[in-house]
Amino acid sequence: MSGLREELEALLRARIGTNAALRDAQLDAVRALVEQKRDCLATLPTGFGKSMVYQLPAMWRAEKDTPGVTVVVAPLLSLLRDQLRGCDDLEVDAAAWCGTVDKAKMDRIDADLRIDLDDGGPGIKLLYTTPESLGSQRLEDALRVCATNGCLSSIAVDEAHCVASWGHDFRPSYLALKDFRDDVAPGVPFQALTATATPRVKDQIVESLGLKDPVFVAASLNRPNLRYEVIRRESMRHGDDEVGTEAGDDVGTEAVALAHLAAMAKETKERDPESVGVVYARTRHECERLAAALQDLELDCEVYHAGRDKEALKRTQGNWREGDLHCVVATVAFGMGVDKPDVRFVAHWGPPSTLEGLYQESGRAGRDSLPARCVLYCSSDELDELRKVDRGNCGAVDAYARAVGTCRRAVLLGHFGEKRSAGGCGGGEERCDVCADPEAVRRAAAAADRTADRAAERKVDDARAAAEEEEDVVRGGGGGEAVKRRRVEVTASAPRVPLVPTQHRRVPVGPARKPFVPPMKGTEYRLKQ
């Protein structure tokens, strides 16, 4: 099939537009299925067009009037809905099998999957489902018949990193996919697709899915149009777009960081009225609180998380998609499979728990290949708390956020095993904050460290004063009779106490410090120099 590229690109031009072209990695993944009938693991960057790896073979079969169904396993119902809309645009017969589908539609899908080759085979070319729905007995029986009839062409596993037990999106139901194929469709090729797989996660994908002699396809995960930035909240002050270097009442407050975020959103909307942004927060409560604060700053934003009802979520997603909002404030429940091209910024309010999550969520920006900003707002306390939870994955986030002399793009790509010949952002790439102005980043890091140190020192002073006051009260109680002194232990939350010079240093990953016990009254206390 030497003309496979020409055939596929002709299909793309006919259904997408005259400028449509097939990327080499997409072609390699399609060839693994169409020409070699082999399992394939494709690691492709966000916004690359992973869905084309299984949609193009379906389009190609339909064009040749060749029977065949590809089952697409996806982790979220929202992803299924978005993919179905895309299939309508591509004129591909597709359907979804999940809990929200009514019985009449399920009956039609069931009957279609059982049509044998003598009668033309199933009309459906792509069947989308979740791993949980794939385990339903009715669907399993229908697909068993489809496979026995020779009409089950492939099983595409989207977001395949969900199979990794130590991954950031682990879904136990993905582990059943290997047994499903062995039992229902032996010999049917797997197409495993992901954008966020470290070398370790790739190994587990191969093992857990039981990929046999797979074809490995990979493209650079670099997104050259994205500008990566980290803003340490302690370093900010009103009126600055960069850092605060002097002490002041308004330095390092959340209000300053919120004003910065609101200004970025407004400036983006003024420049590109149809564009939108996404602000990620770690909890539902934080989403609600943050959205209310941004609305007070005259931002049109809405909340998206699993605690809201389906109609509200659908309305919010529609408003965001149409560009009626500045941004949506969301948990990670928002975004997977959402493919709006003109997302001009993605902000993380607080550090995510893994660099995989940071890459995946930031990758929703700039899918039209135009410049976009990916901004992480964080504090020293948040980074320290994160490292206590998981020193492995979270240590990588900590290193990324605290970097002052290393390109953030290089840190991010290096996490996925991708080495760069250039030390920093190169030609044709949006320069990260470190590469754009390393001195400003160093000043910001130093200011943040100084502010955090002063805060930690104040906690120690307050704890010592409280202990002394407690002692005085206890000794003076009960008419002066001796009372046993109570020892007060205070844990200093900041790891920079005793105060030492912290400018430009990287905080080591190690065990949490022991609780700090204030000295006995009268003991000389001196900060380490």
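Everything here concerns the structure above.
Here we summarise the structure given alongside this text. Since we're looking at a predicted model, the values are computed, not measured.

Relative to strand β11 (residues 327-330), strand β10 (residues 301-304) runs parallel, the two sharing 4 bridges. Bridge pairing in β11 links Val303 to Val329. Tracing the backbone out of β10, into helix α12 (residues 310-321) and back to the parallel element β11 gives a crossover that is right-handed.

Take the packing of aromatic side chains next. Applying the stated criterion across every chain yields a total of 5 aromatic pairs. Consider the rings of Trp320 and Phe334, whose centres lie 5.0 Å apart with planes at 90°: the pair is edge-to-face. Taken together, the positions of Trp320 in helix α12 and Phe334 in the loop between β11 and β12 (343-349) put the pair 14 residues apart, joining distant regions of the chain. Like Phe334, Trp320 is buried. For the ring pair Trp349 and Tyr377, a centre distance of 5.3 Å and an interplane angle of 40° mean the geometry is tilted. Within this pair, whereas Trp349 is found in strand β12, its partner Tyr377 is found in strand β13 (residues 372-378), the two being separated by 28 residues in sequence. Taking relative accessible area as the criterion, Trp349 reaches 2% and is therefore assigned buried. A residue is classified by how much of its surface remains accessible, and Tyr377, at 0% relative accessible area, is buried. Taken together, the aromatic side chains of Tyr304, Trp320 and Phe334 make up a single cluster linked through ring pairs. Between Arg23 and the ring centre of Phe48, over which it is positioned, the NZ or CZ distance is 4.5 Å. Its end group placed over the ring of Tyr400, Arg408 keeps NZ or CZ at 5.9 Å from the ring centre.

It is worth spelling out the sheet that holds β10 at this point. With parallel pairing, the 6 strands of this open sheet are ordered in space as β8-β13-β12-β9-β11-β10. The outermost strands of the open sheet, each flanked by one partner alone, are β8 (226-232) and β10. Averaged over all pairs of adjacent strands, the angle between their axes in this sheet comes to 20°, without regard to strand direction. The sheet contact formed by β12 and β13 spans 5 bridges and is parallel. Across the sheet, the residue bridging to Phe345 is Arg373, located in β13. Here helix α10 (residues 254-271) sits on the sheet and contacts β8, β9 (276-280), β12 and β13; the angle it forms with β12, its principal contact strand, is near 170°. Set on the sheet, helix α11 (residues 284-296) makes contact with β9, β10, β11 and β12; between it and β10 the angle comes to about 175°.

Right, let's get into helix α16 (residues 408-415). Within an α-helix, residues lying three or four positions from one another point in the same direction, as the helix has 3.6 residues per turn. Burial in α16 covers these residues: Arg408, Arg409, Leu412 and Leu413. Axial view of α16: buried residues confined to an arc of 125°, hence all on one face. Gly417 sits one or two positions beyond α16 and adopts a positive phi of about 80°.

Another point: unusual backbone geometry. Most of the time, phi is negative for any residue but glycine, and the peptide bond is trans. One non-glycine residue, Glu91, adopts positive backbone phi at about 60°. Its place among the elements puts Glu91 in the loop between α4 (77-90) and β3 (94-97). With a phi angle near 50°, Glu159 is a residue other than glycine that sits in the positive phi range. Mapped onto the secondary structure, Glu159 falls in the loop between β5 (152-157) and α8 (177-184). On the accessibility criterion, Glu159 (5% relative accessible area) is buried.

Here we come to helix α7 (residues 137-148). Compared with an ideal rise of 1.5 Å per residue, which puts 12 residues at 16 Å, α7 spans 16 Å between its outermost C-alpha atoms and is within 8% of the ideal. Taken together, the buried positions of α7 are occupied by Leu139, Glu140, Ala142, Leu143 and Cys146. On an axial view of α7, the arc spanned by its buried residues comes to 165°, and they lie on one face. Following α7 by one or two positions, Gly150 adopts a phi angle in the positive range, close to 80°.

As a further point, take the sheet that holds β3. Here 7 strands make up an open sheet; going across it, the order is β3-β4-β2-β5-β6-β1-β7 and the pairing parallel. The open sheet has two free edges, formed respectively by β3 and β7 (215-218), since each of these has just one partner strand. When strand polarity is set aside, the average angle formed by the axes of neighbouring strands in this sheet is 20°. Of the pairings in the sheet, the one linking strand β1 (residues 40-43) to strand β6 (residues 190-194) comprises 4 bridges and is parallel in character. Residue pairing across strands places Cys40 opposite Gln191, the latter belonging to β6. Most of the contacts of helix α2 (residues 24-34) go to β7, to which it runs at about 165°, and overall it touches β1, β5, β6 and β7. Sheet contacts for α8: β2 (69-73), β5 and β6; angle to β5, the most-contacted strand, approximately 175°.

Right, let's get into the pattern of salt bridges. The full count for this structure, using the stated rule, is 30 salt bridges. The shortest N-O distance in the salt bridge between Glu140 and Arg144 comes to 3.1 Å. Here Arg144 and Glu140 lie together in helix α7, a separation of 4 residues that amounts to about one turn. Among the residues examined, Arg144 registers a relative accessible area of 28% and is labelled partly exposed. Taken together, the shared-partner salt bridges in this structure form one network comprising Lys103, Asp107, Asp110, Arg114 and Arg138.

Thresholds, definitions, all that
Residues numbered from 1 in each chain as written. Predicted model: local features only at pLDDT ≥ 70, side-chain atom pairs only at ≥ 80, totals over all residues. Heavy atoms only, no water. Pairing = 2+ DSSP bridges. Helix = DSSP H or I, 4+ residues; strand = E, 2+ residues; numbered from the N terminus. Right-handed = clockwise from strand over helix to strand, strands pointing away. Phe/Tyr/Trp six-rings, centres within 6.5 Å; stacked < 30°, edge-to-face > 60°. Buried < 20%, exposed > 50% of the residue type's maximum accessible area, 1.4 Å probe, protein only. Lys NZ or Arg CZ within 6 Å of the ring centre and 35° of its normal. Axes fitted to C-alpha atoms, helices over the stretch in contact; angles between N-to-C directions. Contact = heavy atoms within 4.5 Å. Arc of directions from axis to C-beta. Expected span 1.5 Å × (residues − 1). Salt bridge = Lys/Arg side-chain N within 4 Å of Asp/Glu carboxyl O.

These values are about where atoms sit, not about what they do.
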